[in-house]
Amino acid sequence: AYFTLSSSQPKKQTPLLQKNNNKEMKLESFFSSILIFITTIFLLLQFPHPVSANQSNHVGYLQCLSLRLNDTNIVSKVIHTQNDSNFSSLLASSIQNPRFSAPDTPKPILILTPVQPSDVQSAVKCARRYGIHVRTRSGGHDYEGLSYATHKPFVVIDLRNLRSITIDVDNRTVWIQTGATIGELYYEIGKTNKTLGFPAGVCPTVGVGGHFSGGGYGTLLRKHGLAADHVIDALVVDARGRILERREMGEDFFWAIRGGGGSSFCVVLSWKIRLVDVPSKVTVFNVTRFSEQSALKIIHRWQFVSDKVSDDLFVRVMLQRYKNMVRASFPGLYLGPVNNLLGLVNREFSELGLEKEDCKEMSWIESVVWFAELGEVPIGVLERRTRASLAFKAKSDFVQEPIPETAVSNMWKRLQEPEAELAQLIFTPFGGKMSEIADYETPFPHREGNMYEIQYLNYWRREEREEKEKYMRWVERAYDEMSEFVARSPRGAYINLRDLDLGMYVGDKRSKYEEGKSWGVKYFKNNFERLVRVKTSVDPSDFFCDEQSIPTFRSVEVI
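Under an unreviewed UniProt entry, the protein chain has the name Cannabidiolic acid synthase-like 1 and belongs to Noccaea caerulescens. Quoted straight from UniProt, the Subcellular location (unreviewed entry) entry for the protein chain says "Secreted, Cell wall".

Now the structure itself:
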């Protein structure tokens, strides 16, 4: 080891002292290099020997990464091999769908947990050099687990340590790193100001990295649109390992990551978002019905008013089992006091049968906790990064014309089937601000003309893992049965509710572009072609890719 002499008082450096100091600096650099070398050797020993060609690349990658990080303390904080004692717990900590925590689920060869933006640069540059496949994880809520699982050797860049949130109340803006969750964002806003909010999702453990880059919606979407509609700048690491902000990346690149799925183009380090006004007092409510006849009557009327009524009102429909009965719930948020809400509903939606006893006034931040079904607890609960979760499968649809009562009745009966014990159907109303923003302004195209979105969900318990196929088939049957009543040509889908049943790259005789187009137009409609052009421009080698990522054009089409 080494030591250096220090003094509390600065002294004039004589030539002899300067020479000694130079020796000390060289000695310090030498021993630092030795420590890095020893650490690298230790990490390399984690790989089995003799090594294959792939393993040789992994060894080279690890050497490259260790040398670039150039600090033994950082190396130990950032690089986690499969032999690390905390590797399994680190991997599992952000797996939000236990369907992908089974023993046979492919595991990454390394997990990287960057502690500063330059660590992400190093991870990307070394991966490019050694041909290493990377996946980026923010909150781990990818519906198909693509941020932490794939069938090729891969490395996970887990952004959990990059989650600072800086709020500028005067300018109503926030810089938020993409390892943060929307719950952490909500909490910081709520404790800072009671009349500012942000239009993102209802599940607080979702990471802002994937949520914003896919669009992101919640209870404020009719009033303020998507989360992505309020992103005004971003900091990214591109496929060349450069850190770029909006001005440097250009408007096409910036457009693509606000709804086109950022993982196809770069690693987003942080977002700059603009906050929205919320009233000091809002009203939440929930109406429930167990009678099919009564529920169908309300749902029928809901289809005609939910996207056209005042954009201060948001009312969802949720169908699910409760104590062996099908229950229809109508949870809602009104941006104002209860008396104004009751007057509006009595005029426009009297079929709901809303009573004052169904309602509760509170602050907007308290409504976030209420909608997340976290109970009557302090808003600090929003900082929790994990919550108990069940394995699930989901699909999505967009509805452009009212669905007949018979079709809804058939869904009611589907929910009575044995494998639907934990199933849900969620209808989310659009209209309002969603209809005012053109379908090409961001990659999210499902705007004007879409009345609401349907999410089909089915859950199962961990002990039922061997029977997962029957629960997944239930979702498929429900989805297939609704085909004639939802948007067609194409049948739309929401990228943040990812569904690999729509297709994934299998390397058939078609080009990757043709493969990707088959599901890309369902997620992005006419915006798919522009996304491909951007991808071809900013990542022509397709470094950032997954089973459903945006493809590049074939080389002959690039120019």
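Asker: Any chance you could explain the state of the cysteines here in plain terms?
Answerer: Defined simply, a disulfide is a covalent bond joining two cysteines at their sulfur atoms. The full count for this structure, using the stated rule, is one disulfide. Through a disulfide, Cys-64 is tied to Cys-126; the S-S separation comes to 2.1 Å. The sign of the S-S torsion, about -75 degrees, decides the handedness of the disulfide formed by Cys-64 and Cys-126: left-handed. Within this pair, whereas Cys-64 is found in helix H2 (residues 53-69), its partner Cys-126 is found in helix H5 (residues 117-130), the two being separated by 62 residues in sequence.

Asker: I'm lost on the sheet that holds strand E10 (residues 267-274) in this one. Help?
Answerer: Adjacent strands of a sheet form backbone hydrogen bonds with each other and so pair up, either parallel or antiparallel. Judged by pairing direction, the sheet is antiparallel, and its five strands sit side by side in the order E5-E6-E10-E8-E9 without closing on themselves. Sheet topology places strand E5 (165-168) and strand E9 (243-245) at the edges, where each strand pairs with a single neighbour. Direction aside, neighbouring strands of the sheet carry axes that sit 10 degrees apart on average. One ladder, built from three bridges, connects strand E8 (residues 231-237) with E9; its direction is antiparallel. Each residue of the ladder has a partner; that of Leu-235, found in E9, is Glu-245. In the packing of helix H6 (residues 182-192) onto the sheet, the strands contacted are E5, strand E6 (173-177) and E10, and the crossing angle to E5 comes to about 35 degrees.

Asker: How do you make sense of helix H13 (residues 364-371) when you look at a structure like this?
Answerer: Across the eight residues that make up H13, a large majority, six, are buried. Of the residues making up H13, those classed as buried are Trp-364, Ile-365, Ser-367, Val-368, Val-369 and Phe-371. Where the residues of H13 are buried, they touch H6, strand E7 (196-197), strand E12 (282-289), strand E13 (313-315), strand E15 (325-334) and strand E16 (359-362). Looking one or two residues beyond H13, the residue adopting positive phi is Glu-373, at roughly 55 degrees.

Asker: Honestly, the packing of aromatic side chains in this entry has me stumped. Any pointers?
Answerer: One pair of aromatic rings is described through two measures. These are the centre distance and the angle between the planes. Under the definition given, this model contains 23 aromatic pairs. Ring geometry for Phe-427 versus Tyr-452: centroids 5.4 Å apart, planes at 25 degrees, classification stacked. With Phe-427 in strand E18 (residues 424-429) and Tyr-452 in strand E19 (residues 452-460), this residue pair connects regions lying 25 residues apart in the sequence. A single burial state applies to Phe-427 and to Tyr-452, both of which are buried. Ring geometry for Phe-543 versus Phe-544: centroids 4.8 Å apart, planes at 80 degrees, classification edge-to-face. Across the pair, Phe-544 and Phe-543 agree in class, each one buried. It is Arg-327 that lies over the ring of Tyr-322; its NZ or CZ is 4.7 Å from the centre.

Asker: Would you explain helix H18 (residues 527-538) in this entry?
Answerer: Side chains three or four residues apart in an α-helix point the same way, a direct result of the helix having 3.6 residues per turn. The first and last C-alpha atoms of H18 sit 17 Å apart over twelve residues, in line with the 16 Å expected at 1.5 Å per residue. Regarding H18, the residues found buried are Asn-527, Phe-528, Leu-531, Val-532, Val-534, Lys-535, Thr-536 and Val-538.

Asker: Any chance you could explain the environment of Lys-281 here in plain terms?
Answerer: Within the element layout of this structure, Lys-281 appears in the loop between strand E11 (276-277) and E12. Beyond its immediate chain neighbours, meaning those up to four positions away, Lys-281 contacts Leu-335, Gly-336, Pro-337, Glu-361 and Met-362.

Asker: What is the right way to read the side chain of Thr-442 from this model?
Answerer: Checked against the element boundaries, Thr-442 lands in the loop between helix H15 (433-436) and E19. Sequence-distant contacts of Thr-442, defined by excluding residues within four places in its chain, comprise Asp-229, Trp-255, Arg-258, Arg-447 and Asn-527.

Asker: Just to check I follow, could you spell out the sheet that holds strand E3 (residues 133-137) for this structure?
Answerer: Across the sheet, four strands lie side by side as E1-E2-E4-E3; this open sheet has mixed pairing. If you trace the sheet from one side to the other, it starts and ends with strand E1 (79-81) and E3, each paired once. Strand-to-strand, the axes of this sheet are offset by a mean angle of 25 degrees, without reference to chain direction. As defined by bridge partners, E1 adjoins strand E2 (residues 110-112) across three bridges and the pair is classed as antiparallel. Bridge pairing in E2 links Thr-81 to Leu-110.

Rules used in this analysis
Residues numbered from 1 in each chain as written. Predicted model: local features only at pLDDT ≥ 70, side-chain atom pairs only at ≥ 80, totals over all residues. Heavy atoms only, no water. UniProt positions renumbered as here; feature names shortened; annotations may be inferred. Disulfide = S-S within 2.5 Å. Helix = DSSP H or I, 4+ residues; strand = E, 2+ residues; numbered from the N terminus. Pairing = 2+ DSSP bridges. Axes fitted to C-alpha atoms, helices over the stretch in contact; angles between N-to-C directions. Contact = heavy atoms within 4.5 Å. Buried < 20%, exposed > 50% of the residue type's maximum accessible area, 1.4 Å probe, protein only. Phe/Tyr/Trp six-rings, centres within 6.5 Å; stacked < 30°, edge-to-face > 60°. Lys NZ or Arg CZ within 6 Å of the ring centre and 35° of its normal. Expected span 1.5 Å × (residues − 1).

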